[in-house]
Amino acid sequence: MKVVIIGAGFAGMKLARSLNNKAGFDVLLIDKFNFHQFQPLFYQVATSSLDASNISFPLRKAFHDSKNVRIRLTKVLGIVQDEHKITTELGDIEYDILVIASGADTNFFGNKKLIEYAFPMKSTVEAIQLRHRLIENFENVVGCATEEEKQKLMTIVIVGGGPTGVELGGAIAEMKRYTLPHDYPEIDFSTMKIYLLEGTGATLGPMSKKSQEQSQKYLEKLGVTVRLNTILKDYDGSVATLSTGETIETSTVIWAAGIMGNVPDGIDPSLIVRGNRIKVDRFSKVIGQDNIYALGDVAYMETPRYPKGHPQVANVAISQAKNLANNLRRIEMRSNAATLEEFEYQDKGSMATVGRNLAVVDIPKPRLHFGGFFAWLIWMFLHLILILGVKNKLIVFINWIYSYMTYDQSLRLIFKVFYRPRTPQEETRYIKT
Ligand SMILES: Cc1cc2nc3c(=O)[nH]c(=O)nc-3n(C[C@H](O)[C@H](O)[C@H](O)COP(=O)(O)OP(=O)(O)OC[C@H]3O[C@@H](n4cnc5c(N)ncnc54)[C@H](O)[C@@H]3O)c2cc1C
């Protein structure tokens, strides 16, 4: 059975690993990057706590000893269902079973100005770009001529009070408190402002009321200004206009307020629902298809427990991949269709960290809530378990201990790409611009 998997995120990796060296399967894992990205720690790359390589794992290394899993580094463009093939930048690839595990990307809701000026954080590269911007802002403050310009550089607006916005807000506030004043003694950091805008009435919307209230309290304690029921209406690269009519002059807006599924061309548009997710049945099969499945963030599955679809989190992606791997093995063994197992999500809880010793954890069964130091320890422990690779786990752990003891983030590096023209034509264009 030739299984082609689009995307080596949490779902794609889990599925490929579950089918690794299993007789009867020939697996092709495709991704546009040659590494798996651990998205929950992007914010630590953006705030100089971790190096990008600590949360990335090379795909080819993961399947060094595999007899049946092969990797293709390419972007998938579309699906030709009738011919059982996909089109990619490297050409066409045929499949017996196709699994779409292409995750999600930032949703700017079509706002062209936001696309141009705001910083998203949905890939390792984007996290690094954000790190550059944050550090460059302070380098620019040092040489800044006017107070107005300085204040603009010292003001950061984060849009979206979900886990990403909350974690980022807390981490930037800690940089302001512990690290930046040592790096830039000539800057008065009491003027630095961090805003977190949230369109609803609470931060960490899907979590318990206690977690919501506690996360807001922690953020405010760290010096983040939280604006609830507030939407970013407009941003022109210089002034952010809020739904309340307020304007904030800022050179940095970070957009963490929406995602949309990465759906390849060729999927029936009637199967694409809210959030650009593909409708699947309880076996993760795309509705009306015999041999196309979708998993993780890009999939939309309704169950009695989750009538509006599952949350777009790593654990759902991993669990769906495990369930599909078991079902594919049953199909491969030509078992009776009745033996296939429907997917049922066991929610083990959710968590978010705001900063040093500050986190919130909700556990559904038994219903429990933790906050503070204990929750922070749980958060660290579970993230360490999830990161791929023993070396990465070790380095992340050592980094965290180092930062905890020294109050320092050691990776405040700007790797600027200086464009070097290679042809006379390029040189002319370069000099003109
Ligand atoms: C900043 C951030 C923080 C998060 N924090 C948490 C957290 O704390 N806990 C939690 O549970 N979840 C968290 N999440 C959500 C979690 O990361 C996702 O739910 C999870 O990654 C979904 O897994 P997936 O396999 O569906 O997609 P992904 O992990 O996104 O993987 C999709 C893969 O598909 C590839 N791809 C996409 N399109 C193409 C194409 N056309 N061709 C080839 N390859 C393609 C991508 O490169 C990517 O590798 C966070 C997400 C972000 C962005």
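Whatever comes next refers back to the structure up there.
Before going into details, it helps to say that this report is about the structure given with it. Since the model is a prediction, treat every value here as computed from it, not as a measurement.

Quick notes on the rules
- Numbers given for residues are sequential positions, taken from 1 along each chain in its written order.
- The predicted nature of this model means local features are confined to residues of pLDDT at least 70 and side-chain atom pairs, given and counted, to a pLDDT of 80 or more, with totals for whole chains, interfaces and linings taken over all residues.
- Near, for a residue, is defined by distance from a backbone-placed C-beta atom to a molecule or strand, with 6 Å as the limit that must not be exceeded.
- Under the scheme applied here, ten amino acids are nonpolar (Ala, Val, Leu, Ile, Met, Phe, Trp, Tyr, Cys and Pro), four are charged (Asp, Glu, Lys and Arg), and all others, including Gly, are polar.
- Domain start and stop points were drawn from an automatic or database domain assignment.
- Strands are runs of DSSP state E lasting at least 2 residues, helices are runs of H or I lasting at least 4, and numbering of each runs from the N terminus.
- The length a helix should cover is 1.5 Å for every residue beyond the first.
- Counting other C-beta atoms within 10 Å of a residue's C-beta gives its exposure: the residue is buried at 20 or more, exposed at 12 or fewer, and partly exposed in between, where C-beta atoms are placed from the backbone.
- Each residue is represented by a C-beta atom placed from its backbone, and any two residues with such atoms within 7 Å are regarded as in contact.
- Following DSSP output, two strands are said to pair if at least two bridges run between them.
- Whether a crossover is right-handed depends on one test, that the path from the first strand over the helix to the second runs clockwise when the strands point away from the viewer.
- Core membership is restricted to buried Ala, Val, Leu, Ile, Met, Phe, Trp, Tyr and Cys residues, and these are joined into a nonpolar core through C-beta atoms within 7 Å.
- Simply put, an axis is a line fit to the C-alpha atoms, just over the touching stretch for a helix, and the angle between two N-to-C directions goes from 0 to 180 degrees.

Regarding the site of the ligand
Piece 1. The immediate surroundings of the ligand are formed by 35 residues, with Gly7, Gly9, Gly103, Gly296 and Val313 found nearest.
Piece 2. By residue class, the composition of the shell around the ligand is 18 nonpolar, twelve polar and five charged.
Piece 3. Both domains that furnish three or more residues to the shell around the ligand are identified here as domain 1 (2–32 + 74–106 + 259–339) and domain 2 (112–257).

Quick look at helix α9 (residues 314–332)
Piece 1. Counted at 1.5 Å a residue, the expected span for α9 with its 19 residues is 27 Å, and the 27 Å between its end C-alpha atoms agrees.
Piece 2. Buried within α9 are the following residues: Val316, Ala317, Ile318, Ser319, Gln320, Ala321, Asn323, Leu324, Ala325, Asn327 and Leu328.
Piece 3. Buried residues in α9 make contact with β1 (2–6), α1 (10–19), β9 (97–100), β21 (292–294) and β22 (299–301).
Piece 4. Two residues or fewer past α9, Arg334 is found with a positive phi of approximately 55°.

So, the pairing of strand β12 (residues 193–197)
Piece 1. Of all five residues in β12, four are buried, a share of seventy percent or more.
Piece 2. Pairing of strand β11 (residues 155–159) with β12, which is carried by five bridges, proceeds in the parallel orientation. Note that in β12 the partner of Ile156 across the bridge is Ile194.
Piece 3. Following the backbone out of β11, through helix α7 (residues 163–183) and into the adjacent parallel β12, one traces a crossover that is right-handed.
Piece 4. Looking at chain direction, β12 and strand β13 (residues 224–227) are connected through four bridges and run parallel. Bridge pairing in β13 places Tyr195 opposite Thr225.

Observations regarding the nonpolar core
Piece 1. Grouped together as the largest cluster of nonpolar side chains are 60 residues, with contacts concentrated most on Val159, Ile254 and Ala359.
Piece 2. Of the residues forming this core, the biggest block, seven residues, is contributed by α7.
Piece 3. Formed by 53 residues, the second largest nonpolar core is a distinct cluster that contains Leu19, Ile292, Val316 and Ala321.

Structural notes on unusual backbone geometry
Piece 1. Look at the link from Lys365 to Pro366: it is a cis peptide, with omega at -10°.
Piece 2. Tracing the chain through its elements places Pro366 in the loop between β24 (358–363) and β25 (368–371).
Piece 3. A positive phi angle is found at Leu204, which is not glycine, with a value near 50°.
Piece 4. Judged by local crowding, Leu204 falls into the buried class, with 25 C-beta atoms found within 10 Å.
Piece 5. Notably, Asn276 is not glycine yet its phi reads approximately 60°, a positive angle.
Piece 6. Positionally, Asn276 belongs in the loop between β19 (272–273) and β20 (277–280).

Thoughts on the sheet that holds strand β5 (residues 69–73)
Piece 1. Pairing within the open sheet is parallel, and its five strands lie in the order β5-β2-β1-β9-β21. Each edge of the open sheet is held by one strand with a lone partner, namely β5 and β21. Between one strand and the next, the sheet's axes are offset by a mean angle of 20°, whatever the strand orientation.
Piece 2. With four bridges joining them, β1 and β9 adopt parallel strand pairing.

Topic: the sheet that holds β19
Sheet strands associate in pairs through backbone hydrogen bonding, adopting either a parallel or an antiparallel arrangement.
Piece 1. Spatially, β19-β20-β22 is the arrangement adopted by the three strands of the open sheet, whose pairing is mixed. The open sheet has two free edges, formed respectively by β19 and β22, since each of these has just one partner strand.
Piece 2. With two bridges joining them, β19 and β20 adopt antiparallel strand pairing. Its bridge partner lying in β20, Val273 is registered against Arg277.

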